[in-house]
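Observations on chain architecture
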Amino acid sequence: MLLNARLSAVLSLVCDRCAKAFQREKTVEYETLLAFELANGESDDIVLLDKSGELDLDGLMTEVFLLEMDTKNLCSEDCRGLCPGCGVDLNHEPCRCKKEIDPRLCGELIFLCGDLMHNLQQEIGKIGAYAKGPAITRADIEAVATPQLDAVVFRIADAIGEKNYDKAAKILGELYQMQKSPYEILSALSKQLRQLYSARLAIEQKKGTAYLMELWGLRSAYPAERLMQSARRFSLRWCRRAVMRCGEADLTMKSTGAPGEEVLIDLLMELAVKKGA
């Protein structure tokens with residue numbers, strides 16, 4: 001005999017992360033064979049009837065349901081739980097613990113999110129609420145900070161420096177997911193490559209970060225240092241050619257009606273292949 005069962009119940013649970021009570025409907029599908037006896041010992045796939053041919057269905061279904069219960073009960077998959085330091089529910093309010101941050105990471109955060117104070121305050125609050133430990137880490141910043149366009153485009157230049165076209169194309173895809181148009185991306189890439197060109201010139205002329213800060217109106221040394229570090233991967237000739245190719249790509253987009261996505265892909269492929277030439 002074959003037993004088919006479908007069990008449904010509304011469970012009253014407590015979240016293992018934030019301790020909030022919640023309810024969730026659970027359904028379990030169950031199928032097994034029934035028999036009076038087994039020919040060859042025990043079997044997990046067969047349930048035996050008693051001598052009168054009856055079955056304790058309530059007991060069997062209870063056991064089946066309990067075995068299908070989740071090992072961890074969460075009110076939602078993205079529940080952030082309670083802060084182990086101050087105890088606040090991080091789903092509803094920011095952590096009240098004082099978070100420490102390395103000064104170097106401050107420069108990285110400004111580089112990533114921009115230096116507008118209103119936006120920075122929002123990002124700092126978001127990162128502080130997310131961080132579990134007493135200090136904000138690079139992983140915390142990367143997990144929840146919303147990067148500005150220039151910071152993402154800088155990663156494209158780094159990928160080109162590694163001759164990694166696939167990585168550059170993947171980052172380009174991230175920009176499209178951020179709803180950035182090909183024109184916006186090309187404009188930011190052109191600016192980035194002009195900055196790289198000026199950084200490469202500064203290296204050739206034995207000038208330092210102060211020169212770049214003044215030239216581009218940078219408020220801190222961190223982005224200038226990143227530019228100088230990145231520029232060392234490229235030759236002066238390549239930087240000059242890259243700036244020219246961006247101008248040509250911009251003209252192609254605006255004058256020929258060519259699909260901007262294709263123009264950008266062709267440009268990235270050429271820059272990555274010819275990097276350092």
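Not measured: the values here are computed from a predicted model. (Residues numbered from 1 in each chain as written. Predicted model: local features only at pLDDT ≥ 70, side-chain atom pairs only at ≥ 80, totals over all residues. Heavy atoms only, no water.)

**A word on the nonpolar core**
If you look at the biggest cluster of nonpolar residues, it comprises 41 residues, and the most contacted ones within it are Ile156, Leu189, Leu193 and Trp238. Listing elements by their share of this core, those giving two or more residues are helix H5 (149-161), helix H6 (165-177), helix H7 (182-204), helix H9 (221-231), helix H10 (236-256) and helix H11 (260-273). Considering each element in turn, this core owes the most residues, nine residues, to H7. Excluding residues that lie within four positions of it along the chain, Ile156 makes contacts with Ala168, Ile171, Leu172, Leu175, Leu189 and Leu268. Counting residues in each nonpolar core, the second largest holds 16 residues, with Leu7, Val28, Met61 and Leu74 among its members. (Core = buried A, V, L, I, M, F, W, Y, C linked by side-chain atoms within 4.5 Å. Buried < 20%, exposed > 50% of the residue type's maximum accessible area, 1.4 Å probe, protein only. Helix = DSSP H or I, 4+ residues; strand = E, 2+ residues; numbered from the N terminus. Contact = heavy atoms within 4.5 Å.)

**Considerations on the packing of aromatic side chains**
Within this structure, the stated rule accounts for three aromatic pairs. Taking 5.2 Å as the distance between ring centres and 90 degrees as the angle between the ring planes, the aromatic pair formed by Phe111 and Phe154 counts as edge-to-face. Of this pair, Phe111 sits in helix H2 (residues 103-113) while Phe154 sits in helix H5; the two residues are 43 residues apart in sequence, bridging distant segments of the chain. Since its relative accessible area comes to 17%, Phe111 is described here as buried. Phe154 sits in the buried class, given a relative accessible area of 2%. Measuring from ring centre to ring centre gives 4.4 Å for Phe234 and Trp238, while their planes differ by 25 degrees; the resulting arrangement is stacked. As far as burial versus exposure is concerned, Phe234 and Trp238 are alike and both buried. (Phe/Tyr/Trp six-rings, centres within 6.5 Å; stacked < 30°, edge-to-face > 60°.)

**Topic: the confidence of the model for the protein**
Confidence in the prediction of the protein, expressed as mean pLDDT, is 84, and 87% of residues score 70 or more. When mean pLDDT is compared element by element in the protein, H7 scores highest at 94, while strand S3 (residues 46-48) scores lowest at 63. (pLDDT = per-residue confidence, 0-100.)

**Here's the deal with the packing of H10 against H11**
Two elements in contact, H10 and H11, have axes whose closest approach is 10 Å; the angle formed by their N-to-C orientations is 165 degrees. Classified by the angle between their axes, H10 and H11 sit roughly antiparallel to one another. The interaxial crossing formed by H10 with H11 has right-handed handedness. Contacts from Trp238, Arg241, Ala242, Arg245, Cys246, Ala249, Thr252 and Met253 in H10 reach Gly260, Val263, Leu264, Leu267, Glu270 and Leu271 in H11. (Axes fitted to C-alpha atoms, helices over the stretch in contact; angles between N-to-C directions. Parallel < 35°, antiparallel > 145°, perpendicular 65-115°, else oblique. Left-handed = near helix turned anticlockwise from the far one by under 90°.)

**Here we look at the side chain of Asp158**
Checked against the element boundaries, Asp158 lands in helix H5. Of the residues examined, Asp158 reaches a relative accessible area of 17% and is grouped as buried.

**Considering H2**
Those residues of H2 not exposed but buried are Leu105, Gly107, Glu108, Leu109, Phe111 and Cys113. Its buried side turned inward, H2 meets strand S4 (100-101), helix H3 (117-130), strand S5 (135-136), helix H4 (138-144), H5 and H9. For H2, the N-terminal capping position is held by Asp102, with its side-chain oxygen 2.7 Å away from the main-chain nitrogen of Arg104. Backbone geometry just downstream of H2 places Gly114 in the positive-phi region, at approximately 95 degrees. (Polar contact = N/O pair within 3.5 Å; in protein donor to acceptor, adjacent residues only side chain to side chain.)

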